[in-house]
Number of protein chains: 2
Amino acid sequence: MANITKKVSWSSRADESGAAGEGTPLLNGSEQPRHSRQESQRGRPKEIPHNEKLLSLKYESLDYDNIENQLFLEEERKMSYMGFRCLEISRWVVCGLIGFLTGLIACFIDIVVEQLAGIKYQVVKENIEKFTEVGGLSISLLLWAVLNSAIVMLGAIIVAFFEPIAAGSGIPQIKCYLNGIKIPRVVRLKTLVVKVGGVICSVVGGLAVGKEGPMIHSGAVVAAGVSQGRSTSLKRDFKIFEYFRRDTEKRDFVSAGAAAGVSAAFGAPVGGVLFSLEEGASFWNQMLTWRIFFASMISTFTLNFFLSIYHNKPGELSNPGLINFGRFQGDSVAYNLYEIPLFIAMGAIGGLLGALFNVLNYWLTIFRIRYVHRPCLQVMEAMLVAAVTATVSFTMIYFSNDCQPLGPEHTEEYPLQLFCADGEYNSMATAFFNTPERSVRSLFHNQPGTYNPLTLGLFTLTYFFLACWTYGLAVSAGVFIPSLLIGAAWGRLCGILLATITPDGSIWADPGKYALIGAAAQLGGIVRMTLSLTVIMVEATGNVTYGLPIMLVLMTAKIVGDYFVEGLYDIHIKLQSVPFLHWEAPATSHWLTAREVMSSPVTCLNRIEKVGTIVDTLSNTSTNHNGFPVVVKVSGSDEPPKLCGLILRSQLIVLLKHKVFVELARSRLTQRKLQLKDFRDAYPRFPPIQSIHVSQDERECMMDLTEFMNATPYTVPQETSLPRVFKLFRALGLRHLVVVDDENRVRVCVSVYSCMSLMITFLSLNAMMMMMTAVVLTSHFWFVTLLQVVGLVTRKDLARYHLGKHGLEELQLAQT
Amino acid sequence: MANITKKVSWSSRADESGAAGEGTPLLNGSEQPRHSRQESQRGRPKEIPHNEKLLSLKYESLDYDNIENQLFLEEERKMSYMGFRCLEISRWVVCGLIGFLTGLIACFIDIVVEQLAGIKYQVVKENIEKFTEVGGLSISLLLWAVLNSAIVMLGAIIVAFFEPIAAGSGIPQIKCYLNGIKIPRVVRLKTLVVKVGGVICSVVGGLAVGKEGPMIHSGAVVAAGVSQGRSTSLKRDFKIFEYFRRDTEKRDFVSAGAAAGVSAAFGAPVGGVLFSLEEGASFWNQMLTWRIFFASMISTFTLNFFLSIYHNKPGELSNPGLINFGRFQGDSVAYNLYEIPLFIAMGAIGGLLGALFNVLNYWLTIFRIRYVHRPCLQVMEAMLVAAVTATVSFTMIYFSNDCQPLGPEHTEEYPLQLFCADGEYNSMATAFFNTPERSVRSLFHNQPGTYNPLTLGLFTLTYFFLACWTYGLAVSAGVFIPSLLIGAAWGRLCGILLATITPDGSIWADPGKYALIGAAAQLGGIVRMTLSLTVIMVEATGNVTYGLPIMLVLMTAKIVGDYFVEGLYDIHIKLQSVPFLHWEAPATSHWLTAREVMSSPVTCLNRIEKVGTIVDTLSNTSTNHNGFPVVVKVSGSDEPPKLCGLILRSQLIVLLKHKVFVELARSRLTQRKLQLKDFRDAYPRFPPIQSIHVSQDERECMMDLTEFMNATPYTVPQETSLPRVFKLFRALGLRHLVVVDDENRVRVCVSVYSCMSLMITFLSLNAMMMMMTAVVLTSHFWFVTLLQVVGLVTRKDLARYHLGKHGLEELQLAQT
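Values in this document were obtained by computation on a predicted structure and should not be read as measured data.

Secondary structure assignment for chain A yields 31 helices and 18 strands. Of all 816 residues assigned to chain A, the portion counted as buried reaches 57%. Taking all contacts inside chain A whose residues are at least 6 apart in sequence as the whole, residues at least 24 apart take part in 81%.

In structure tokens, the structure reads:
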């Protein structure tokens, strides 16, 4: 491609344009399906092997770089120092509100789940007790299974039929949002309502799920809503925080919301901040971090305050989080040097089990994508899982003969006696007949000897597969608590075994410690976070004594797990074919340059452009970049047009909607100018181009884009290496990066144009003129100037490359 | 300036250049002192009001953006995937080493200080006990003062005479380094040795200092040393880690080292990571963060391991950090809602006292800069402070009649009986006659009633001024522990007063809690960190119960303190006139564009350049950008040269040293090509240009810069707003940003050139030719092309603008 010199013909049309002195768009309408070409180049058959080998084209990007057009700059320049101070203060206010509301929602979920689960377990318990005496426990089983299925059905119906995006934990979606991908409907009010309702149903329905992941998503939705000062769904506009109605500001608040969610879920404000940063942010900004921290703090505070009132101990604020691991009594000799290798070994086990979990879930998800994609099927699957969970639990409890004496200060909420002697309870039931949060706490803190090894082993095994089956159902539910529970079970098992096999068993006195380590290992093995998870675990246990072992364990679990397969969230992101940008470009990608990765040719618009052209461009579905370089033609010269800005599809839509046409402006001078406010009002749900009616007369009008385009888009020369492009793109949160020609050898850049222009010209049967122009141009061959647009790099162009087994691989792009 | 159209004359010289087809440098040697012009524009008199209104030109920047020249790209492209994996593994190994060595150093400091301080206090104690009986305590005072002064003198001498950069805590210097400023000698081995020796002397010498700040600096030096695989000072090259010999990689390791230092000092691995990020990083990279975390972990681990051996409890690893705040017995009702306002009030007091501390220290520092800049004076001041500290302490102890009964498990290491009854000890002496770390612990944990309010009040007062006087002396010492001590004292005082004035005093039972809050407030008020400091405090106390109050207090202290004056470290950075880049551009700077802030004109080099020109350029002291845009002239055309790359002074120096001249290359083809290794070997101490001999013949040779220049430097158009430039600069860690012309109106960009060229041409008396060229050019007026270099933005151009009382202010640039 680079070495073919072709005759240039673009000025043939440019010269026809006349009055305005601006040529018609150069490359417009000639959008070549480049990616299909690449696919055919690679010689792949039509068959699509796996969903994760694709990159979906349906996801738009968010624009985390400010669009610095004239309107924006004017506004900023007009604003006084006090104005900026007020803005800063309102940012803090919004963060406070986000924290407060997130805390409230967490509180609501917690109380409702506790009440409903209490009723359910009470009913089932009474039933079991009744039938234990008279026989016929199968009726109890039926009751339990039906109750669970009914509740889960409710949760699954609202998710599957009303808001499928509310399924799962929501963490992958929030990760994508913070990464800069617009996942449709992910931060809407409806999603929040469904999410909250759904998570209550799934936890009460006895599924192997937690309510913590959904809290993070809820926090993000709250943030996106509050910061905009209006609700599009409810059609209410409070006319406040209008300044924050753009992607850049909204992203910052969503980070704060996610952090507030973590903070409420685990009572871990610092962990929340780190979660947001580890999973989302790329550019670390001190002030932003402090605001996120503030939101987290307020969130924990609110939750604690209301829960303390609910628990009739108003004002006691030291009880953190939705999940409370309880306090470990940290004596100063909590662990010893020789235990470190054991911890590391447990980390490795966690990594292995986590990888197994992920692989199983991966296959299951592929199966689901292929065969279980109809909502009613999804609901039925969820009900099936609920029934199976109840049945398995019941069977395990039924066949377990692990009876433990009921202590004076028994911590079990619903002790099941079943076939145990009086004054004893069934130990298996503390694990199964309970909300998962309570089970985790029992495993951490119950006295040594509370569980026998067989119980724990069986429990681990069954719960592992149940949790794996459950994640990915069409219910809103998190994976944190099930992972912790599995890990705590086998961790405690390890502790008990150690105490048994060593001669001096007393030094391994506390199996709860191993339960904690196991829980960390399992969770780390599944989700693969390290820094934030360490802090979350430390904050949730309320003790930094185990900080160092937890870190070691998480690190080991991550290294071991990464050897086999990615983290669970990343797997699900990949299966959605989302163009997710990782932290760095793939290691061996230095041989790629912007020229190779860019999309080219790209549709350019003239600074003063015909309305008809713009409408056609926007209506053309093959132009999927959503951003158009604006070029300007030097009047009177025969040089190619030069880049002078970048304009987004959404901006053009607003311009068309308000009919900001040059001719109209002349006729109605008194009318107000289009302001930034008009763009903000339309944000973020810009109407589709089809809904905008442009008459035939209007199509002949011209539009002046000067005021609205971003006049200083970031550009790179086409020789820039991929890692460099990637760094720029990632660090600045770009959406479009214009690739310009910086070479004085003209051959490269004109070859693309010339192909296009040649085609166009032949089609218009203007061959004669083309020949002439070509001759004229050839004489000017070495004078063609710089900063010509030669391509556009978007997120998809960068996300396409990844390191596979055979070195650098390129994902296919698809419309799915 | 922008509107003056001048005739252009640069091609007159370019045409003379002949063979290579490249013109001579355009603007070389014509570096106009732009900044002096600006100073005169502002009509300021010669008198320099304050040091912090200046921006020093003596500091170079570090290059945190990879120099992607052909050599680099070739190397990267050659490297296999396994190569990258090995690199990644060696990064982890280096981080492990950094952590290990930092932990060792911390351990060494801790043990030596403990031993020496033990001996000193024992000697003095025995002396005091002897003379308490016989009278003549003035001899004890003299002994104490002389001992202190002597030890401090030693510490001050090595700092003041051998390595002045080792003075103070080193945190401001590390902040600057991570910000991208090359502070000379800051990460050298000699600095480390002096720092370690100095901090031992100052702590043992009884100054109001801590050993924690210096640990951070030590960690950074270790990191910078280890990661380079050689010691320039010791002239040893281990031929390992050669890949890491550049600013980008080194910065990452220095972050890890600083984190390891914090981790060792406070037993706070997570706090260490956050410190590095909060104070240094701008681009958050997940893998990097994990490596930093790993280094921190290893550091705490090493310290704990060796200290556990030292304390004869090998293997007990739960004792964190150099400073051990002791464990708070966290019962579940540690604090209550109605205490929150009290905490906030204490935060406000901390902010006020912190601001007072900073203001006093600011005046003192200005005084020191003006009058105490000779090393011997500095040593004398340090000795004076040591003697005064001893005297004041002695006087306080002497006149105190606060006698407390000696408990059975008395925690005081050196209880002074003095005039107290038998079985009692002087309470004031626990605060003064002790290392500050121990005093803090006593204030946190001693039983209620151990101190009387008067003792605490007097102690706070005296220690406040002592600490303030001490910080900034020519000794290596930190401010963390003194701040904590002051805060703990008045915090405990608050606790006692609250218990006294309220009817039911029992609810304020634990003054230690208020001591902790006070300590946090005071430290926050002085250093103004929030997130990292919260985590550090939580990790150091080993209890997350007080996490929420500590956050609130730190946030309040920061807000209150920031209202009056900046943080202590920022003050010292400003007083050094360092071009420090903050997180964001000043709020009201949108009206500034790249055109206004850039340095212009800038010395450009041709791609194939005469050696003599390069030598002259480098020798010219007025060209202080250390980076030169490389331009290329289109042969045969009369257009101005176009940007094709950027080359650094250091690269040119290496090229000159190796005599990479085109003519020589032809004559000795067999000789090896210059490789990246040659640049790495010279890094980071590139020789000055004066040390490189270039003969008169060699001056006539040509140098081909193509391979060595960064072919894709980041560029911005001159209309880009300052915040946008700032963001790009900060997010990518740039050193030079080339401003290019993107306008088709040529007037702006040629005016600068034409001024220069006119001058040059007139000087060369080539007026005739110039006139002719000008005529030729005028006809081509509208054809002049783009991507011409019009200026260069460096760190100083951005750091110059800051928000003062009267809106945006511009700092003066000075050679100081």
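Attention now goes to the packing of helix H15 (residues 436–445) of chain A against helix H17 (residues 480–501) of chain A. Residues and elements named next belong to chain A. One can describe the packing of H15 onto H17 by two numbers: an axis separation of 9 Å at closest approach and a directional angle of 25°. Looking at the two axes, H15 sits roughly parallel to H17. Regarding H15 and H17, the two cross each other, and that crossing is left-handed. Listed contacts from H17 to Pro-436, Glu-437, Ser-439, Val-440, Leu-443 and Phe-444 of H15 are Ile-481, Pro-482, Leu-484, Leu-485, Ala-488, Ala-489 and Arg-492. Here the residues of the contact of H15 with H17 sort into 10 nonpolar, one polar and two charged.

Residue and element names in this part refer to chain A. Across four bridges, the pairing between strand S16 (residues 801–804) and strand S17 (residues 807–810) is antiparallel. Bridge assignment links Leu-803 to a residue of S17, and that residue is Leu-808. Taking the residues that link successive antiparallel strands as the turn, the S16-S17 hairpin has two residues.

Further remarks concern the confidence of the model for chain A. Residue and element names in this part refer to chain A. Mean pLDDT over chain A stands at 79; residues scoring 70 or higher make up 81%. Across residues 1–50, confidence stays below pLDDT 50; counting only partners more than four residues off in sequence or on other chains, it has 90 contacts. In this model residues 743–786 is a low-confidence stretch, pLDDT under 50, and it forms 76 contacts with partners more than four residues away in sequence or in other chains. Predicted as a complex, the structure gets a pTM of 0.86 and an ipTM equal to 0.84.

Residues and elements named next belong to chain B. Within strand S10 (residues 627–632), six of the six residues are buried, leaving the element largely enclosed by the surrounding structure. The two faces of S10 match: Gly-627, Pro-629 and Val-631 on one face and Phe-628, Val-630 and Val-632 on the other face are all buried. Sheet topology places strand S8 (residues 605–606) next to S10; two bridges connect them, and they run parallel. The residue of S10 that forms the bridge with Asn-606 is Val-631. As paired elements, S10 and strand S11 (residues 642–648) share six bridges and run antiparallel to each other. What sits directly across from Val-631, in S11, is Leu-643.

Before going further, it helps to spend a moment on the domain arrangement of chain A. All names here are of chain A. Domain boundaries in chain A define domain 1 (10–59 + 585–814), domain 2 (90–310) and domain 3 (337–575). Between domain 2 and domain 3, the C-alpha centre-to-centre distance is 22 Å. Listed by partner, the interface residues are 52 residues for domain 2 and 43 residues for domain 3. Breaking the side of domain 2 that touches domain 3 down by element, the ones donating at least two residues are helix H4 (81–134), helix H5 (138–162), helix H6 (171–179), helix H7 (189–204), helix H8 (212–228), helix H9 (247–266) and helix H10 (269–279). Its residues assigned to classes, the side of domain 2 that touches domain 3 shows 32 nonpolar, 14 polar and six charged.

Residues and elements named next belong to chain B. Spatially, the three strands line up as an open sheet ordered S13-S14-S15, and their pairing is mixed. What marks the edges here is a single partner per strand, and that holds for strand S13 (715–717) and strand S15 (789–794). Strand after strand, the sheet turns through a mean of 30° between neighbouring axes, direction not considered. Pairing geometry for S13 and strand S14 (residues 736–740), over three bridges, is parallel.

Another point: unusual backbone geometry. Residue Pro-684 of chain A is bonded to the preceding Tyr-683 of chain A through a cis peptide linkage, with omega at -5°. Examined against the element boundaries, Pro-684 of chain A turns out to sit in the loop between helix H26 (676–682) and helix H27 (696–699). A positive phi angle, close to 50°, is found at Lys-659 of chain A, a residue other than glycine. Position of Lys-659 of chain A among the secondary structure elements: in the loop between helix H24 (649–657) and helix H25 (662–667). Its identity as a non-glycine residue notwithstanding, Arg-185 of chain B has a phi of 65°, on the positive side. Tracing the chain through its elements places Arg-185 of chain B in the loop between strand S3 (181–182) and helix H7 (189–204).

Another aspect to go through is the environment of Leu-466 of chain A. Residue and element names in this part refer to chain A. By secondary structure assignment, the location of Leu-466 is in helix H16 (residues 453–470). Judged by the 21 C-beta atoms lying within 10 Å of it, Leu-466 is buried. On a C-alpha basis, the gap between Leu-466 and Asn-361 in space is 11 Å, while along the polypeptide they are 105 residues apart.

Counting 465 residues, the largest nonpolar core has Ile-98 and Val-725 of chain A together with Ile-98 of chain B as the members making the most contacts within it. With near-sequence residues (within four places) excluded, Ile-98 of chain B lies in contact with Val-222, Ala-223, Val-226, Phe-253, Ala-256, Gly-257, Ala-260 and Ala-295 of chain B.

All names here are of chain B. Across the sheet, which stays open at both edges, the three strands sit in the order S8-S10-S11 with mixed pairing between neighbours. Each end of this open sheet is capped by a strand with a single partner; those strands are S8 and S11. Contacting S10 and S11, helix H24 (residues 649–657) crosses the sheet at an angle of about 75° to S11.

About the thresholds
Residue numbers restart at each chain and count upward from 1, following the sequence in its written direction. Written order decides the labels, with chains lettered from A and ligands numbered from 1. Only residues with pLDDT of 70 or above have their local features reported here, since the model is predicted, and side-chain atom pairs are shown and tallied only from 80 upward, although totals for entire chains, interfaces and linings are computed over all residues. Going along the chain from the N terminus, every DSSP run of H or I of four or more residues is numbered as a helix, and every run of E of two or more is numbered as a strand. As a rule, residues whose C-beta atom has 12 or fewer other C-beta atoms within 10 Å are exposed, those with 20 or more are buried, and those in between are partly exposed; C-beta atoms are placed from the backbone. Throughout, a residue-residue contact means that the two C-beta atoms, derived from backbone geometry, are no farther apart than 7 Å. Lines fitted to C-alpha atoms define the axes, with helix axes restricted to the stretch in contact, and inter-axis angles between N-to-C directions lie between 0 and 180 degrees. These descriptions rest on fixed angle ranges, namely under 35 degrees for roughly parallel, over 145 for roughly antiparallel, 65 to 115 for roughly perpendicular, and the rest for oblique. Left-handed describes a crossing whose near helix is turned anticlockwise from the far helix by less than a right angle; the clockwise case is right-handed. Lys, Arg, Asp and Glu make up the charged group, whereas Ala, Val, Leu, Ile, Met, Phe, Trp, Tyr, Cys and Pro make up the nonpolar group; the residues left over, Gly among them, are polar. Any two strands with at least two DSSP-identified bridges between them are counted as paired. Within a predicted model, pLDDT stands for the predictor's per-residue confidence, ranging from 0 to 100. Domain start and end points were adopted from an automatic or database domain assignment. Joined through C-beta atoms within 7 Å, a set of buried Ala, Val, Leu, Ile, Met, Phe, Trp, Tyr and Cys residues constitutes a nonpolar core.

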